[in-house]
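# Geometric and topological summary
The chain contents come next:
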Amino acid sequence: EFNYKISALPQSINLYFFKNKETSSLPLEIQGFIENSYLYNIKISYRPKIFFSPIKAGECNIKDVKEELIIVFNLSHNVADPTYQKCIQNLPRAKTLYVSNVDDRLGFSNTFITSRKEEKDKLIQAIKDYSTRFVVIDSNNTRDKENIISLLKENKKEIVEAKTYVKGSNSQDMFADVLLTDRSKERMRKLSRRLSKKITGDSRTREDLDAFFLSVNLEEARNLKPALDYVSERDYNIFILNSWQTQNNYKTIDNDLKGSINADFPIMMPIKIPEFISNQKRSREYAIGYDTFEIVLLKYGSINTRNFIYKGLSGKITLRNKDVLRSAYVFKITDEGVEIL
């Protein structure tokens, strides 16, 4: 519960967002914003006038803006036209809240940034107390293994090998190559030929590594981890940074990912969320819109937010002056479900 100064809250809000000409529905971030505002209509009788200003590809129709607050949603999945970027920069800075899911601010000082970098940094921070020698694997979509290697090295970790997983390729072959299990089999075959006797034994995997860092989507992670377990027959520490390329949710019992440590939005985790959020809406974009309305309340209607943490659908959020700071969640997948670390 939080006491808001209703008279200080903006009475009119204009939402700017990119709109594809082919789609008629509102983007998920706008739906999240509107649905949270509806809840507050009931809870605290705050009913601002909300205007929608979609900007379509190749169009820029910004005119005199009279609303008290402007919110710009500049999310990477929507913005397919460079004119949108130029268009929104014409908005008055003083009364604009800029919301983005990439690490840019386009010159705006009043921002809510939910970049994947927060998840990456939080996961790297969690690694400090774990392993020391890593294999780093990214995908064709992420292509960020060099950046991850640099961050791991800054934290005194050693990199044994790095690979890029190509969707559709044989993941068991990739891990056999990384773990040198094929070399072990080849040595047994050579020794059998020399002794003219058939030699049997277990394939030995290399012992100079203890952890894997996967920068892939959830579907790929559910393919890679079981393949690694099968080839290695060992329990490595496995850290998974979601690519944000898909909207797949984690399961309550996620056997394929059991034992792995992950970083992602709370809305993607198997946790209790408001009942009106359907599986179709359960996405990072919806969470950003939902939390944006909460941020409006905290920034403009709260008496004091010092030492106050809002646990939102996108992460833990704190306010410091104009800055909105978001902290990602790191969690381990166990036999019982999800353990927040």
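The structure reproduced in this document is the subject of the present report.

So, how was this worked out
- Residues numbered from 1 in each chain as written.
- Predicted model: local features only at pLDDT ≥ 70, side-chain atom pairs only at ≥ 80, totals over all residues.
- Heavy atoms only, no water.
- Pairing = 2+ DSSP bridges.
- Helix = DSSP H or I, 4+ residues; strand = E, 2+ residues; numbered from the N terminus.
- Right-handed = clockwise from strand over helix to strand, strands pointing away.
- Phe/Tyr/Trp six-rings, centres within 6.5 Å; stacked < 30°, edge-to-face > 60°.
- Buried < 20%, exposed > 50% of the residue type's maximum accessible area, 1.4 Å probe, protein only.
- Lys NZ or Arg CZ within 6 Å of the ring centre and 35° of its normal.
- Axes fitted to C-alpha atoms, helices over the stretch in contact; angles between N-to-C directions.
- Contact = heavy atoms within 4.5 Å.
- Disulfide = S-S within 2.5 Å.
- Parallel < 35°, antiparallel > 145°, perpendicular 65-115°, else oblique.
- Left-handed = near helix turned anticlockwise from the far one by under 90°.
- Nonpolar A, V, L, I, M, F, W, Y, C, P; charged D, E, K, R; others polar.

By the bridge criterion, 7 bridges tie strand S6 (residues 133-139) to strand S7 (residues 158-165) in an arrangement that is parallel. Considered in S7, the bridge of Phe134 is made with Ile159. On the question of chirality, the crossover connecting S6 to the parallel S7 by way of helix H4 (residues 145-154) is right-handed.

As a further point, take the packing of aromatic side chains. The relative placement of two aromatic rings is captured by the distance of their centres and the angle of their planes. Counting across every chain of the model gives 14 aromatic pairs. Relative to Phe293, the ring of Tyr40 lies with its centre 5.8 Å away and its plane at 40 degrees, an arrangement referred to as tilted. Of this pair, Tyr40 sits in helix H1 (residues 28-43) while Phe293 sits in helix H8 (residues 284-301), and the two are 253 residues apart along the sequence. Using a relative accessible area of 6% as the deciding quantity, one classes Tyr40 as buried. One aromatic cluster is present, built from ring pairs that chain together Tyr4, Phe33, Tyr40, Tyr46, Phe73 and Phe293. Against the face of Phe108 rests Arg93, its NZ or CZ located 4.1 Å from the ring centre.

On to the sheet that holds strand S3 (residues 69-74), then. Judged by pairing direction, the sheet is parallel, and its 5 strands sit side by side in the order S2-S1-S3-S4-S5 without closing on themselves. Looking along the sheet, the strands with just one partner apiece sit at the ends: strand S2 (49-56) and strand S5 (111-113). Adjacent strand axes in the sheet meet at a mean angle of 15 degrees when their direction is disregarded. Sheet contacts for H8: S3, strand S4 (96-100) and S5; angle to S3, the most-contacted strand, approximately 150 degrees.

Another aspect to go through is the state of the cysteines. A full pass over the atoms with the stated rule returns 1 disulfide. Disulfide pairing is shown between Cys60 and Cys87; the S-S distance is 2.1 Å. Disulfide Cys60 to Cys87: torsion about the S-S bond roughly 85 degrees, handedness right-handed. With Cys60 in the loop between S2 and S3 and Cys87 in helix H2 (residues 82-88), this residue pair connects regions lying 27 residues apart in the sequence.

Mapped onto the fold, Thr292 is located in helix H8. On the accessibility criterion, Thr292 (0% relative accessible area) is buried. Ignoring sequence-local partners within four residues, the contact set of Thr292 consists of Phe33, Ile71, Phe73, Leu97, Val99 and Phe112.

Below, the discussion takes up unusual backbone geometry. A negative phi holds for most residues other than glycine; trans holds for most peptide bonds. Positive phi is not limited to glycine here, since Leu106 has a value of about 50 degrees. Considering the arrangement of structural elements, one finds Leu106 in the loop between S4 and S5. For Lys156, which is not a glycine, the phi torsion comes out positive at approximately 65 degrees. By the element assignment, Lys156 lies in the loop between H4 and S7. Taking the relative accessible area as the measure of exposure, Lys156 reaches 74% and is therefore exposed.

Interhelical geometry of H1 versus H8 gives an angle of 40 degrees and a closest axis separation of 6 Å. Here H8 runs oblique to H1, going by the angle between their axes. Crossing hand, H1 versus H8: right-handed. When H1 is examined against H8, the residues Leu28, Glu29, Gln31, Gly32, Phe33, Glu35, Asn36, Ser37, Leu39 and Tyr40 are found in contact with a partner set consisting of Glu285, Tyr286, Gly289, Tyr290, Thr292, Phe293, Glu294, Val296 and Leu297. For the contact of H1 with H8, the residue count by class is 9 nonpolar, 6 polar and 4 charged.

Spatially, S7-S6-S8-S9-S10-S14-S15 is the arrangement adopted by the 7 strands of the open sheet, whose pairing is mixed. In the strand order of this sheet, the two ends are held by S7 and strand S15 (338-340), each with one partner. For this sheet, the mean angle separating the axes of adjacent strands, direction not counted, is 25 degrees. Of the strand pairs in this sheet, S6 and strand S8 (residues 211-216) are connected by 5 bridges, and their pairing is parallel. Across the sheet, the residue bridging to Ile137 is Leu214, located in S8. Relative to the sheet, helix H5 (residues 171-179) contacts S6, S7 and S8, its axis offset from that of S7 by approximately 160 degrees. Against the sheet, helix H7 (residues 218-232) touches S6, S7, S8 and strand S9 (237-242), its axis set at about 155 degrees to S8.

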